[in-house]
Amino acid sequence: MPMFSEMFQGCELPWKSLILLDTVLAYNLKRTSCATVLTLAYQSLGVVYGDLSTSPLYVYKTTFSGKLSLKEDDDEIFGVLSFIFWTFTIIALFKYVFIVMSADDNGEGGTFALYSLLCRHAKLSILPNQQPADEKLSAYATEDSADTWQSAFLKLFFEKHPRFQKGLLIFVLLGTCMTIGDGVITPAISVFSAVSGVQVKINQLHDMGLFSIQHHGTHRVAFMFAPVVAAWLLCISGIGIYNIFHWNPQIYRALSPVYMLRFLKTTGIEGWMSLSGVVLSITGVETMYADLGHFSALSIKIAFTCLVYPCLILAYMGEAAFLSKHHYDIQRSFYRAIPEAVFWPVFIVATFAAVVGSQAVKIVHTSSKIYGQIYVPEINWILMCLCLAVTIGLRDTNMMGHAYGLAITTVMFVTTCLMTLVIVIVWKQGIIKALICLLLFGSIELLYISASICKVPEGGWIPLVLSFIFMGIMFTWNYGTMKKHQFDVENKVSMSKILSLGPCLGMVRVPGIGLIFNNLTSGIPAIFGHFVTNLPAFHQVLVFVCAKSVQVPYVSESERLVISRIGPKVYRMFRCIVRYGYKDMQQENYNFDNKLVSAIIQFVEQEESVPEPTHELSTDDHDGNLNVENIGASQSQHTLNCENNLLPFSCVLREMKDGGCNLQECPYKDESLQILKAKESGVTYILGHSYAEAKKSSSIVKKFAIDVVYAFLSKNCRDPDIVLDVAHTSLLEVGMVYHV
C-alpha cells in the first residue's frame, strides 16, 4: 500500500501534514494487525484447544488403571508428573510451537501439508496428469536456494527408487487414518470423562443417558466455544493453585527430570506400560498444526504459550498434589480434588468443555476474513456411527484412553519423520539438525508407542483396525484410479487419425457446444472414439474437460482454468483443464459452462495479440500417439484470469438477435462469434461412465480389489454432473468397460 505522501505527491499539502498522515496510517495498521491476531488467538481456544484442555479429566485415571499403584513415598506420582511436564514441554512446546508450525504449506498445516511440500520440492508425487504449467501457480512457489549435497542426495534417492515414493505415501496414509481413529475416540472419552464427575455425587447415574446430551448441547453452545474453553482453563488452573498450596507445596520438585529416571527404576515394566496413559496429556497437540489454515501460526502460538500451557501445567501439578495425600481416589481424582464449594459450577463448565472438545475434530470455520470455509462432510455421519459403536462397545474410559494413546502417538511420529525430510529437502538444512530432531522427538514418541502397543488387547486394537480398513480403502482407490489412467493413456485416439478426418471429423457437426469430460491432460480420450463410432454427429465446438488435483492446498479462481487449442482453428477443438488443490472442494458454485465459454473466448481474443503461435506435432511420451497442441503461445494465454475478465457474451448475443451488431462492426473475432452462437444453441455434457474390471489373468487379490472394492467406491463416488450441478436434459453418458 502506498503511503499518503506518495499518494498526494504534487498536491499543495504541508509536508508536516503528510508525515503525520503516514504516522497515523502506520499506527492504525499495526493496531489492526495486533487486534486481529489477538482475536484469532481467542477464537482458537474453542476450536484448536478443546480436546487438549480436557485431557486432565482422564490422564491420571488412565495412567494408574493397571497394576501401578501409589506408595507412601510418592515416587510414583512425582515420576508421572515429571513425565507429563517434560512430555508436554518437549513435544507440545518445542516440537510443535517452535518447529513444526513453521513448516506450513501456504498457511495450511497437517500431514498432507508436509507431504505436499515434499512432493513439490523433491518431485515425490505419484499423481497422474502433472504438468510443468502447474509449477507456475502462485501457491506452488518453491525456494530458489541451491540444493545442499544432503538434499540433492535424498532427491536422487527417491527418484531412483520409486518404491520408496509409494512407501512414503503409505506412511502418510497411516498417519491420516490414525487421525480418523483419533476423531472416532475423541467425543466418547471427552464426554464420558466429564460426566463421570456426577458419579462422585450420584453413584447410580448411567453414563449413556448423559452422553446423549452431546448433540443437543453442541448446537446450544456452539457460539460459546471460545468462552467455554477459556473459562475451563481458568477454572482448572485456579483449582490447581489451590491444591498445590493446600495439599503439597513441595510438588514443584517433581519438575526435575530426575524423578522420571527414579520412576522407571522403581516401577519397572509396570511403570513403562503406564506411559500409555501419560501420553494422553498431549492429546490434541497435533490439532494445533492441523488447524493452522483456519487461524494463523502466531495466534495459535500466543494462545498456547500465554494461556493453555501454564493453565494445564498448574492443573496437572494441583491434581498430583491432591493425589500425594489421597492415594485411594485415583480413578476419580480430578473431581475429588475440586473444593466442595465450587464443585457443581466446575462440573457444568467441564461438561460444556468436553462437548466442545469432542467436536473439535469436525468443525471447519467459515469466513473469508478470519476463517476458512465451513462445510459438514458426509464422513461426519460415519464418524458418528463409529463413535457410538465405540461408546456402546467399550463404556470404559480406561480402554478408550489406551486406544486414544496409540492413535495420537502414531500420528505424531509420522509428523516427526516427515518433518525430518522437510528440514533437509525443503529448508536445505544440514543432516545433523534433521537427525537431532528425529532422535529427540522420535525417541520420545517411540517410547510411548511401545507402551501403547502393549495395551492393544485392552482397547488399543480399535485405532489399528480402523486405520487398516481406511488405509485399504484409500490405497485401493488410488490403485484403481492409477490403473484406469494407465488404460486411458494406452488407448488414446491417434491425433494423426483425427487430423486425417478433416475439419468435420468425418461427422455432421451440429450446432452447440459439446463438453467431453475425461481424465487426460493431453491427447484424445478413448471415450471420444467410442462415442463417434456409435453416433456419426457431433457438436460444432468440442471442449475436452479434465478436472485434476495439484500439489497445493488451494487454487485461486483466477488460476482455476487452463485453456489450450487442439489442432488447427478450423477444427474448433479446445482443451480445458480444471485444477483443484488438495483442500479445495471439487464443487463449482457458479454456472460452469458460462465461465468456461467466457474463458475460451478470452483465449481466442488474446491468441493473436502475441506473435503467431505455431502448431506442432509432438510425440506423446507414453504411447507414441501424435498430440497437436498450441505450444507456441506464451503460458499467459493458457492460464486465464476468469475472475475479473469475464466477457459479457450474453450482451453480445442479445445485440446479435436484435440486429444491432454485424460481423464487420462487432469487436469480437469471427471465431468468438461462432462460439457464442454455439453457446446459444446449447451445451451438452458428455460423461464417460466407465467400469473397471480386472483382467482374467489377474490374481484373486487384484480381482477382489478392482471388481468388488473399487467398483463399490466408484459407484458411490460423485460424478462430474453432481459436482457441476448439470441438468439431466443436458447430460449424455457414454459407457465403457476398462480391463485393467
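Residues numbered from 1 in each chain as written. Predicted model: local features only at pLDDT ≥ 70, side-chain atom pairs only at ≥ 80, totals over all residues. Heavy atoms only, no water.

1. Let's talk about the overall build of the protein
No. 1: For the protein, the count of helices and strands is 30 helices and eight strands.
No. 2: Among the 740 residues that make up the protein, the fraction classed as buried is 52%.
No. 3: With the model as given, the accessible surface of the protein reaches about 33,300 Å², and the carbon-plus-sulfur share is 63%. (Helix = DSSP H or I, 4+ residues; strand = E, 2+ residues; numbered from the N terminus. Buried < 20%, exposed > 50% of the residue type's maximum accessible area, 1.4 Å probe, protein only. Areas by Shrake-Rupley, 256 points an atom, 1.4 Å probe, with all protein chains shown as cover.)

2. Considerations on the packing of aromatic side chains
No. 1: Taken as a whole, this structure holds 20 aromatic pairs when the rule is applied.
No. 2: Summarising the aromatic geometry, the rings of Phe157 and Phe164 are spaced 4.9 Å apart at their centres and angled 50° between planes, so their arrangement reads as tilted.
No. 3: For Phe164, a relative accessible area of 37% gives the class partly exposed.
No. 4: Cluster of aromatic residues (ring-pair linked, three or more members): Trp232, Phe334, Tyr335, Phe343 and Trp344.
No. 5: The residue whose ring lies beneath Arg262 is Tyr259, and the NZ or CZ to ring-centre distance is 4.9 Å. (Phe/Tyr/Trp six-rings, centres within 6.5 Å; stacked < 30°, edge-to-face > 60°. Lys NZ or Arg CZ within 6 Å of the ring centre and 35° of its normal.)

3. Describing helix H14 (residues 269-278)
No. 1: Along H14, seven of the 10 residues are buried, which leaves the element largely enclosed by surrounding structure.
No. 2: Among all positions in H14, only Gly271, Met273, Ser274, Leu275, Ser276, Gly277 and Val278 are buried.

4. Considering the sheet that holds strand E2 (residues 537-549)
Picture the strands of a sheet paired through backbone hydrogen bonds; they go either parallel or antiparallel.
No. 1: Read from one edge to the other, the open sheet built from six strands follows the order E3-E4-E2-E1-E7-E8, with strand pairing classed as mixed. Of all the strands in the sheet, the pair left with one neighbour each is strand E3 (561-566) and strand E8 (731-739). Ignoring which end each strand starts from, the neighbouring axes of this sheet average 25° apart.
No. 2: The pairing of strand E1 (residues 508-518) with E2 spans nine bridges and is parallel. Counterpart to Ile516 in the pairing with E2 is Phe544.
No. 3: Lying on the sheet, helix H25 (residues 592-607) is in contact with E1, E2, E3, strand E4 (573-580) and strand E7 (683-693); it crosses E3 at an angle near 60°. (Pairing = 2+ DSSP bridges. Axes fitted to C-alpha atoms, helices over the stretch in contact; angles between N-to-C directions. Contact = heavy atoms within 4.5 Å.)

5. Re the environment of Phe334
No. 1: Structurally, Phe334 can be placed in helix H17 (residues 333-336).
No. 2: With relative accessibility at 11%, the residue Phe334 sits in the buried group.
No. 3: Spatially, the C-alpha atoms of Phe334 and Ala320 are 9.6 Å apart, while their sequence positions differ by 14 residues.
No. 4: Among residues more than four places away in sequence, those in contact with Phe334 are Pro56, Leu57, Trp232, Ile236 and Glu319.

6. As for the side chain of Ser467
No. 1: Mapped onto the elements, Ser467 comes out in helix H22 (residues 461-490).
No. 2: Contact partners of Ser467, with chain neighbours within four places excluded, come to Cys177 and Met178.

7. Some thoughts on the pairing of E4
Residues in a regular strand project their side chains so that they alternate between the two faces of the sheet.
No. 1: Of all eight residues in E4, eight are buried, a share of seventy percent or more.
No. 2: Side-chain alternation along E4 places Met573, Arg575, Ile577 and Arg579 on one buried face and Phe574, Cys576, Val578 and Tyr580 on a second face that is also buried.
No. 3: Where E2 and E4 come together, eight bridges link them in parallel fashion. Paired with Ser549 across the bridge in E4 is Tyr580.
No. 4: Connecting E3 to the antiparallel partner E4 that follows it, the hairpin turn spans six residues, and Gly567 within it adopts a positive phi of roughly 75°.

8. Points about the packing of helix H5 (residues 75-97) against helix H13 (residues 258-267)
No. 1: Two elements in contact, H5 and H13, have axes separated by 8 Å at closest approach and are oriented at 130°. Taken as axis vectors, H5 and H13 run oblique relative to one another. Judged by the sense of rotation from one axis to the other, the crossing of H5 with H13 is left-handed. Judged by residue contacts, Asp75, Glu76, Phe78, Gly79, Val80, Ser82, Phe83 and Trp86 of H5 engage Tyr259, Met260, Arg262, Phe263, Leu264 and Thr267 from H13.
No. 2: A class-by-class count of the residues in the contact of H5 with H13 yields eight nonpolar, three polar and three charged. (Parallel < 35°, antiparallel > 145°, perpendicular 65-115°, else oblique. Left-handed = near helix turned anticlockwise from the far one by under 90°. Nonpolar A, V, L, I, M, F, W, Y, C, P; charged D, E, K, R; others polar.)

9. Structural notes on the nonpolar core
No. 1: Ranked by size, the top nonpolar core spans 120 residues in total, and within it Tyr49, Tyr60, Trp232, Met288, Tyr289 and Phe304 carry the most contacts.
No. 2: If sequence neighbours within four positions are ignored, Tyr289 has contacts with Tyr96, Val100, Met101, Ala103, Gly109, Gly110, Ala113 and Leu114.
No. 3: Core analysis: the second largest hydrophobic core is formed by 30 residues, Ile563, Phe592, Val597 and Ile601 among them. (Core = buried A, V, L, I, M, F, W, Y, C linked by side-chain atoms within 4.5 Å.)

10. Re the packing of H13 against H14
No. 1: Look at H13 against H14: their axes get within 5 Å of each other, and the N-to-C directions meet at 120°. In terms of orientation, H13 lies oblique with respect to H14. From H13, Phe263, Leu264 and Thr267 reach across to H14, where they touch Ile269, Glu270, Gly271, Trp272 and Ser274.
No. 2: For the contact of H13 with H14, the per-class residue count stands at four nonpolar, three polar and one charged.

11. Considerations on the pairing of E3
No. 1: Of all six residues making up E3, six are buried, and the element is well covered by its neighbours.
No. 2: Residues Leu561, Ile563 and Arg565 point to one face of E3 and Val562, Ser564 and Ile566 to the other, with burial holding for every one of them.

12. As for unusual backbone geometry
Note on backbone geometry: most residues besides glycine have negative phi, and most peptide bonds are trans.
No. 1: Phi is positive for Lys123, which is not a glycine, with a value near 55°.
No. 2: The phi dihedral of Asn129 falls on the positive side, at around 65°, and the residue is not glycine.

13. What to know about the environment of Ile77
No. 1: For Ile77, the position within the fold is in helix H5.
No. 2: Judged by its relative accessible area of 0%, Ile77 is buried.

14. Side note on a nonpolar patch on the surface
No. 1: Together, Ile431, Ile432, Leu435, Ile436, Leu439 and Leu440 make up a nonpolar patch on the protein surface, roughly 550 Å² of accessible area in all.
No. 2: Among the structural elements, Ile432 can be located in helix H21 (residues 431-453). (Patch = residues over 30% accessible without salt bridge, like charges linked within 9 Å, V, L, I, M, F, W, Y side chains within 5 Å. Salt bridge = Lys/Arg side-chain N within 4 Å of Asp/Glu carboxyl O.)

15. Some words on the pattern of salt bridges
Side chains that differ in sign of charge can pair as their charged atoms come close.
No. 1: Under the criterion given, the structure shown has 12 salt bridges.
No. 2: The salt bridge involving Lys583 is made with Glu108; its shortest N-O contact spans 2.8 Å. With a gap of 475 residues between them, Lys583 in the loop between E4 and H25 and Glu108 in the loop between H5 and helix H6 (111-122) connect regions that are remote in the sequence.
No. 3: Classification of Lys583 by relative accessible area gives partly exposed; the value is 27%.
No. 4: Taking relative accessible area as the criterion, Glu108 reaches 5% and is therefore assigned buried.
No. 5: Each of the salt bridges in this network shares a partner with another, and the network as a whole consists of Glu557, Arg560, Asp584 and Lys595.

16. Quick word on the confidence of the model for the protein
No. 1: Within the protein, residue pLDDT values average 76, and 74% of them lie at 70 or more.
No. 2: Every residue in residues 204-223 is under pLDDT 50, and counting partners more than four places away or in other chains gives 29 contacts. (pLDDT = per-residue confidence, 0-100.)

17. Things to note about the environment of Leu117
No. 1: Position of Leu117 among the secondary structure elements: in helix H6.
No. 2: Residue classification places Leu117 among the buried positions, given a relative accessible area of 7%.
No. 3: Here the alpha-carbon distance between Leu117 and Leu421, two residues 304 residues apart in the chain, equals 9.9 Å.
No. 4: Contacts of Leu117, omitting those with residues within four sequence positions, involve Ala103, Asp104, Asp105 and Val426.

18. With respect to the side chain of Thr111
No. 1: Topologically, Thr111 is positioned in helix H6.
No. 2: When its relative accessible area of 9% is taken as the criterion, Thr111 is described as buried.
No. 3: Setting aside anything within four residues of it in sequence, one finds Thr111 in contact with Val172, Thr176, Glu286, Val414 and Leu418.

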